[in-house]
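What follows is each chain in one-letter form.
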Amino acid sequence: MQHLLTSLALLLLAQIASGDSGRVELIAHPEVGAQLLTRDTTRAIFAMRQRTWPDGQAVRVFVLANEHEDHVRFVKERLAVYPHQLQLAWDRVVFSGTGQAPTRVTSPTEMRERVATTPGSLGYLATEHLDERVQVITME
């Protein structure tokens, strides 16, 4: 455990030194088996079109408010869509009765806590909010 904490601290320091401290990372519950997702798969999950992980486990999606800086950066930079486009996708599944919108959280701290304690969960955090309770998922 100490080695993991040391490694994480070194990774965060390296990111800060490289100017990458503002990056928003895709995160998941530590027991999620997928460690790599394509942008298309990630986009489908966040648009609530794909409801399961590749192993069949249900995905539980957490998001910050549409206006939150980390949400805007994640959606634009990592998903390559605009927040209003994602909101339209959520409205469509809710109003058509074919699904639910993701669960909104109020802060990065709540995001980390909910993803860390909810099996199958997926969310995002700026690097400065990461810790060993969540796993970072690589996006290609």
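Residues numbered from 1 in each chain as written. Predicted model: local features only at pLDDT ≥ 70, side-chain atom pairs only at ≥ 80, totals over all residues. Heavy atoms only, no water.

Enquirer: Would you explain the overall build of the protein in this entry?
Expert: Helix and strand counts for the protein stand at 5 helices and 6 strands. Taken from N to C terminus, the helices and strands of the protein fall in the order α-β-β-α-β-α-α-β-α-β-β. Residue burial in the protein is summarised as follows: out of 140 residues, 44% are buried. A sequence separation of at least 24 residues applies to 71% of the contacts in the protein between residues at least 6 apart. For the protein, the computed accessible surface area is about 7,500 Å², with 55% contributed by carbon and sulfur atoms. (Helix = DSSP H or I, 4+ residues; strand = E, 2+ residues; numbered from the N terminus. Buried < 20%, exposed > 50% of the residue type's maximum accessible area, 1.4 Å probe, protein only. Contact = heavy atoms within 4.5 Å. Areas by Shrake-Rupley, 256 points an atom, 1.4 Å probe, with all protein chains shown as cover.)

Enquirer: Would you take a moment to explain the pairing of strand 3 (residues 60–63) for this structure?
Expert: In terms of strand pairing, strand 3 meets strand 5 (residues 121–126) through 2 bridges, oriented parallel. Paired with V61 across the two strands is L122, which belongs to strand 5. Bridge count between strand 3 and strand 4 (residues 103–104): 2 bridges; the pairing is parallel. Residue pairing across strands places F62 opposite T103, the latter belonging to strand 4. (Pairing = 2+ DSSP bridges.)

Enquirer: When you look at the packing of helix 3 (residues 69–79) against helix 4 (residues 83–96) in this model, what are you seeing that I'm missing?
Expert: The packing of two helices is summarised by the inter-axis angle and the distance between the axes. Contact geometry for helix 3 and helix 4: axes closest at 9 Å, N-to-C directions at 90 degrees. With respect to helix 4, the element helix 3 is oriented roughly perpendicular. Contacts between helix 3 and helix 4 involve H71, V72, V75, K76 and L79 from the first element and P83, L86 and W90 from the second. Broken down by class, the residue content of the contact of helix 3 with helix 4 amounts to 6 nonpolar, 1 polar and 1 charged. (Axes fitted to C-alpha atoms, helices over the stretch in contact; angles between N-to-C directions. Parallel < 35°, antiparallel > 145°, perpendicular 65-115°, else oblique. Nonpolar A, V, L, I, M, F, W, Y, C, P; charged D, E, K, R; others polar.)

Enquirer: So what exactly am I meant to see when it comes to the nonpolar core here?
Expert: In a soluble, globular protein the nonpolar side chains are often hidden away together inside. Residues L26, F46, W53, F74, M111, L122 and Y124 are the most contacted members of the largest nonpolar core, which totals 37 residues. Listing elements by their share of this core, those giving two or more residues are strand 1 (24–28), helix 2 (39–46), strand 3, helix 3, helix 4, helix 5 (108–117), strand 5 and strand 6 (135–139). Once residues within four sequence positions are removed from consideration, Y124 is found in contact with V24, E25, L26, I27, F46, F62, V63, L64, D70, H71, F74 and M111. (Core = buried A, V, L, I, M, F, W, Y, C linked by side-chain atoms within 4.5 Å.)

Enquirer: So what exactly am I meant to see when it comes to the pattern of salt bridges here?
Expert: Oppositely charged side chains can form a pair if their charged atoms are brought close together. Per the stated rule, a full pass over the model turns up 9 salt bridges. The residue R43 makes a salt bridge to D40 at a minimum N-O spacing of 3.4 Å. With a gap of 3 residues between them, R43 and D40 both fall in helix 2, about one helical turn apart. For D40, a relative accessible area of 53% gives the class exposed. (Salt bridge = Lys/Arg side-chain N within 4 Å of Asp/Glu carboxyl O.)

Enquirer: Explain the packing of aromatic side chains to me, please; I cannot follow it from the model alone.
Expert: Given two aromatic rings, their pairing is described by the distance between the two centres and the angle made by the two planes. Scanning all chains against the criterion turns up 3 aromatic pairs. Taking 5.1 Å as the distance between ring centres and 55 degrees as the angle between the ring planes, the aromatic pair formed by F46 and F74 counts as tilted. Linking F46 in helix 2 with F74 in helix 3, this pair joins segments that are 28 residues apart in sequence. Residues F46 and Y124 carry aromatic rings whose centres are separated by 6.0 Å and whose planes lie at 45 degrees to one another, so their mutual orientation is tilted. Here Y124 lies in strand 5 and F46 lies in helix 2, a separation of 78 residues in the sequence. For Y124, a relative accessible area of 0% gives the class buried. In this structure an aromatic cluster arises from ring pairing among F46, F74 and Y124. (Phe/Tyr/Trp six-rings, centres within 6.5 Å; stacked < 30°, edge-to-face > 60°.)

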